[in-house]
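Below, each chain spelled out in residue letters.
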Amino acid sequence: MNTHYPDAVRVEPVNRHTLAVIVDNEPGVLARISGLFSGRGYNIESLTVSETEEARHISRITIVTTGTNAVIEQIKAQLDRLVPVHRVVDLTLQGNALEREICLVKVKGEGEHRSEALRLAAAFGAKTLDATLNSFVFELTGATEEIDRFVRLMSVIGLVEICRTGISAMGRGAEPL
């Protein structure tokens, strides 16, 4: 049926995806990949990179991004076309991937706040890296949500500074990437 009224706007859900990208370890690769995202208006929520195979000069980049299914497919296709990229794997689609992040948290700790900071750190399994008469530095490894909860609680006590590594992820099972 022909009508002059426009079709209803379809709203697609925006999902969070974790991508593992295997690349040559050479100058400019990270700039090309991040440029691909910024040039098309895509956001990178987390990015970690490190050489994983020294003999072959191969690095693994873990990127966390959000988008509709079509946008994620476009990102993967465009990454796959870059010359230094060997493989792009969507760990979110593979299923139950393990994701971890490391966080260093500096907190003021005097009086009651001192014992409360130590109690919360122990409850979360955080390691005390440094302690002075008026501050602590804690190290916490865990899922992003757990680290977010820890940071929120420490902000009430006297959060001074945070340093986060970004997400490292790996699929479960014996098969390699």
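Residues numbered from 1 in each chain as written. Predicted model: local features only at pLDDT ≥ 70, side-chain atom pairs only at ≥ 80, totals over all residues. Heavy atoms only, no water.

Caption draft 1: Seen up close, the overall build of the chain. Secondary structure summary: the chain contains five helices and nine strands in total. For the chain, the succession of helices and strands along the chain, N to C, is β-α-β-β-α-β-α-β-α-β-β-α-β-β. Every one of the 177 residues in the chain was classed for burial, and the buried ones make up 35%. Counted over contacts in the chain with a minimum sequence separation of 6, partners at least 24 positions apart contribute 72%. For the chain, the accessible surface area stands at approximately 11,000 Å², while carbon and sulfur atoms represent 52% of it. Taking the average location of the 19 positive side-chain charges in the chain and that of its 23 negative ones, the two points are 1 Å from each other. (Helix = DSSP H or I, 4+ residues; strand = E, 2+ residues; numbered from the N terminus. Buried < 20%, exposed > 50% of the residue type's maximum accessible area, 1.4 Å probe, protein only. Contact = heavy atoms within 4.5 Å. Areas by Shrake-Rupley, 256 points an atom, 1.4 Å probe, with all protein chains shown as cover. Lys, Arg positive; Asp, Glu negative; His and termini not counted. Charge placed at Lys NZ, Arg CZ, Asp CG, Glu CD.)

Caption draft 2: Geometry of the layout of surface pockets. Space inside the largest pocket adds up to approximately 320 Å³. For the largest pocket, the lining is made up of 17 residues, of which Arg 60, Met 170, Glu 175, Pro 176 and Leu 177 are closest to its centre. Elements with a minimum of two residues in the lining of the largest pocket: β2 (44–53), β3 (58–67) and α3 (91–94). Taken together, the residues of the lining of the largest pocket sort by class into seven nonpolar, six polar and four charged. (1 Å grid on protein atoms, 1.4 Å probe; cavity = no way out; pocket = protein on both sides within 12 Å on 5 of 7 lines; lining within 4 Å. Points joined across faces, edges and corners; volume = space filled by probe spheres on them. Nonpolar A, V, L, I, M, F, W, Y, C, P; charged D, E, K, R; others polar.)

Caption draft 3: Highlighting the packing of helix α4 (residues 112–124) against helix α5 (residues 144–157). With their axes 10 Å apart at the nearest point, α4 and α5 run at an angle of 175° to one another. The angle between α4 and α5 falls in the class roughly antiparallel. On α5, the residues that touch His 113, Glu 116, Ala 117, Leu 120, Ala 121 and Phe 124 of α4 are Glu 146, Arg 149, Phe 150, Leu 153, Met 154, Val 156 and Ile 157. The residue makeup of the contact of α4 with α5, split by class, is nine nonpolar, one polar and three charged. (Axes fitted to C-alpha atoms, helices over the stretch in contact; angles between N-to-C directions. Parallel < 35°, antiparallel > 145°, perpendicular 65-115°, else oblique.)

Caption draft 4: Seen up close, the pattern of salt bridges. The tally for this structure, following the rule as stated, stands at eight salt bridges. Between Glu 116 and Arg 119 there is a salt bridge, with the nearest N and O atoms lying 2.5 Å from each other. Of this pair, Glu 116 and Arg 119 both sit in helix α4, three residues apart, roughly one helical turn. Exposure remark for Glu 116: the relative accessible area of 29% places this residue in the partly exposed category. Residue Asp 148 pairs with Arg 164 through a salt bridge whose shortest N-O separation is 2.8 Å. Placement of the pair is Asp 148 in helix α5 and Arg 164 in strand β8 (residues 159–164), with a sequence separation of 16 residues. Ionic contacts of the salt-bridge type, sharing partners, join the residues Glu 73, Lys 76 and Asp 90 into one network. (Salt bridge = Lys/Arg side-chain N within 4 Å of Asp/Glu carboxyl O.)

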